[in-house]
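Secondary and tertiary structure notes
Single-letter residue listing:
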Amino acid sequence: MDLMAINLAYGIEKLLLIGGIITVSLIVAMYTTYAERKVAAWMQDRRGPNRAGPFGLLQPAADGLKLFFKEEIIPLTSNKTLFVLGPALAMVTAMLTSAVIPWGSSLHIFGRDVSLQIADVNIGILYVFGVVSMGVYGIMIGGWSSNNKFSLIAAVRGASQIISYELAMGLSLIALLMMTGSLSLKTIVQQQMEGGWNIIYQPLGFLIFLICVFAECNRTPFDLPEAENELNFGYHQEYSSMKLGLYLFSEYVNMFISSAVVSTLFFGGYDIPFVDEAALSLSLGANTVALLGFGALFAKILFFLFLFIWVRWTIPRFRYDQLMDLGWKKLIPLALANMLITAVVILWLNK
Amino acid sequence: MSFMERLYLPAIFKGMAITFAHMFKKKATINYPEEKRPFSPVFRGLHVLNRDEEGRENCTACGLCAVACPAEAITMEAAERKTSEEHLYREEKYAAKYEINMLRCIFCGLCEEACPKDAIYMSETFAPSNFTRKGFIYAKDELLIPNPVTDKEKYDIAKGLREAQLKNK
């Protein structure tokens, strides 16, 4: 990108895009909390929240307001700066990843090509990994500054869990990157639009990646850091009011962004399945197709959000040794094998 | 464990199929204040003190209900009927004060069975609410059924559906 191209219109365009994406992620996260309660209820033959507004649709607003109006408690023996920093960091790192995800192709507005991606960084995936591994600081700082044994144990658990699963996650992606030959998420999506989705070529890689995503998001069956019935809510035990809200909320934002990353890497991102976008844009116009593509990505994200919830209400939590066993002894060797096989096949095909 | 069991994934998919199927099953919950479950004909709800067709109180303050009550929730004070009060009370003796402590009551229905005058009677009303404990001690003004002569509509509601059901049979 040429530095001279950074002018006022460009700045406004990016600011609007950032604002839009943050708003969308927050609203989706809000309604994921609602969906979680609804789906959980349905799976347990109950009805779920249906009192606040029609079908209980105002429930997230009621929950949010409740958290805002609750008393803010900062424990006397806590490290106050870090105690406040913890939830803020969790929230910020959860939002940061959305910057490199291509939310659609580009729109033509006022004679300008507006890309629906905040920053097409050529090391997009590395950026995602960098930010995701920052996410553990939110948990670690929160748990440590609470000055509480349960919180500390939870924080240590969380840190070791995330570090362990990041390895398998990275290894499973290396196989994918060997196929695409690019770290830019936009390029990966465009390659999938031409050559078919990566899930067809990398089913094992996808499975490993998905399991690791569950672990990174601290979702059941890997929710050991918060483990209600063992550690009294773990790292956010001492938190109250909106600081607790931010922790809970960042989990849902994380889920949304992770779903977007999984859809982008393995399910073609904004690719509309079984449709030739180039031919369609001639008949419908490029802008409509771009919006349809955004819709397709959104549908994929919603499916993965449902999957997150579905798994949560099906599988019980792992024991700590089982968690480590799965991460180190199963997933890492599997990911390595997957990587080697992919490498051999690529070399063999090239010859 | 066999290899398939050690893989763990087939079991997970089976479990997920079960939870998914449960999403479409009939819900056990009902939307309570809007919908109510039908009562059995012998449902024992809050008590009412009955009146006869002319609107006179049935209770003669014999105290048998208070004696029968295993929770000792009922107290009463008797009084003698004056000559001008014949349209108010059916018997020569009546309950000037009649109280049931609904926090003590276990809704066993023994008072209903003990009553020789068909005066105490358990309705279909249930789940009372109040702000104080004192509010749960129901006196005559809360217990007495509305007058069937002057207030037929409220009387029928207080008697409840059960009466109508029994008549239809």
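Predicted, not measured: the structure shown is a model, and the values here were computed from it. (Residues numbered from 1 in each chain as written. Chains lettered and ligands numbered in written order. Predicted model: local features only at pLDDT ≥ 70, side-chain atom pairs only at ≥ 80, totals over all residues.)

When helices and strands are tallied, chain A shows 13 helices and 2 strands. For the C-alpha atoms alone, the extent of chain A along its principal axes is close to 60 × 50 × 50 Å. The buried share among the 351 residues of chain A stands at 41%. Taking as baseline every contact in chain A between residues at least 6 positions apart, the subset at least 24 positions apart corresponds to 80%. (Helix = DSSP H or I, 4+ residues; strand = E, 2+ residues; numbered from the N terminus. Buried ≥ 20, exposed ≤ 12 C-beta atoms within 10 Å, placed from the backbone. Contact = placed C-beta atoms within 7 Å.)

The next subject is helix H1 (residues 8–43) of chain A. Two residues of an α-helix separated by three or four positions point the same way, owing to the 3.6 residues in each turn. The first and last C-alpha atoms of H1 of chain A sit 51 Å apart over 36 residues, in line with the 52 Å expected at 1.5 Å per residue. If you check which residues of H1 of chain A are buried, you get Ile-21, Ser-25, Val-28, Ala-29, Thr-32, Tyr-34, Lys-38, Val-39 and Met-43 of chain A. In the core, the buried residues of H1 of chain A are packed alongside helix H2 (59–69), helix H3 (80–96), helix H10 (241–266) and helix H12 (286–312) of chain A together with helix H2 (9–22) of chain B. Of the residues trailing H1 of chain A, Asp-45 of chain A is marked for its positive phi of about 60 degrees. (Expected span 1.5 Å × (residues − 1).)

Residue and element names in this part refer to chain B. In space, the 3 strands of this open sheet follow the order S2-S3-S5, with antiparallel pairing throughout. Every interior strand has two partners, whereas the edge strands, strand S2 (74–80) and strand S5 (137–138), have only one. Relative to strand S3 (residues 93–101), S2 runs antiparallel, the two being bridged by 7 bridges. Residue pairing for S3: Met-76 is matched across the bridge by Tyr-98. (Pairing = 2+ DSSP bridges.)

With that out of the way, let us pick up the packing of helix H5 (residues 149–180) of chain A against helix H8 (residues 203–216) of chain A. Residue and element names in this part refer to chain A. Between H5 and H8, the shortest axis-to-axis distance is 9 Å and the interhelical angle comes to 155 degrees. Regarding the angle of H5 to H8, the classification is roughly antiparallel. The two elements H5 and H8 meet at a crossing, and its hand is left-handed. Two secondary-structure elements touch here, H5 through Gln-161, Ile-162, Tyr-165, Ala-168, Met-169, Ser-172, Leu-173, Ala-175 and Leu-176 and H8 through Gly-205, Ile-208, Phe-209, Cys-212, Ala-215 and Glu-216. Here the residues of the contact of H5 with H8 sort into 11 nonpolar, 3 polar and 1 charged. (Axes fitted to C-alpha atoms, helices over the stretch in contact; angles between N-to-C directions. Parallel < 35°, antiparallel > 145°, perpendicular 65-115°, else oblique. Left-handed = near helix turned anticlockwise from the far one by under 90°. Nonpolar A, V, L, I, M, F, W, Y, C, P; charged D, E, K, R; others polar.)

Attention shifts here to the pairing of strand S1 (residues 106–109) of chain A. All names here are of chain A. Relative to strand S2 (residues 112–115), S1 is paired through 4 bridges, and the arrangement is antiparallel. Along S2, the bridge assignment pairs Ser-106 with Ser-115. Where S1 hands over to S2, the hairpin turn is made up of 2 residues, of which Phe-110 adopts a positive phi near 50 degrees.

Turning to the confidence of the model for chain B, a few remarks are in order. Looking at chain B as a whole, its pLDDT mean stands at 84, while 94% of the residues score no less than 70. Interface predicted TM-score (ipTM) for the complex: 0.77; the corresponding pTM is 0.80. (pLDDT = per-residue confidence, 0-100.)

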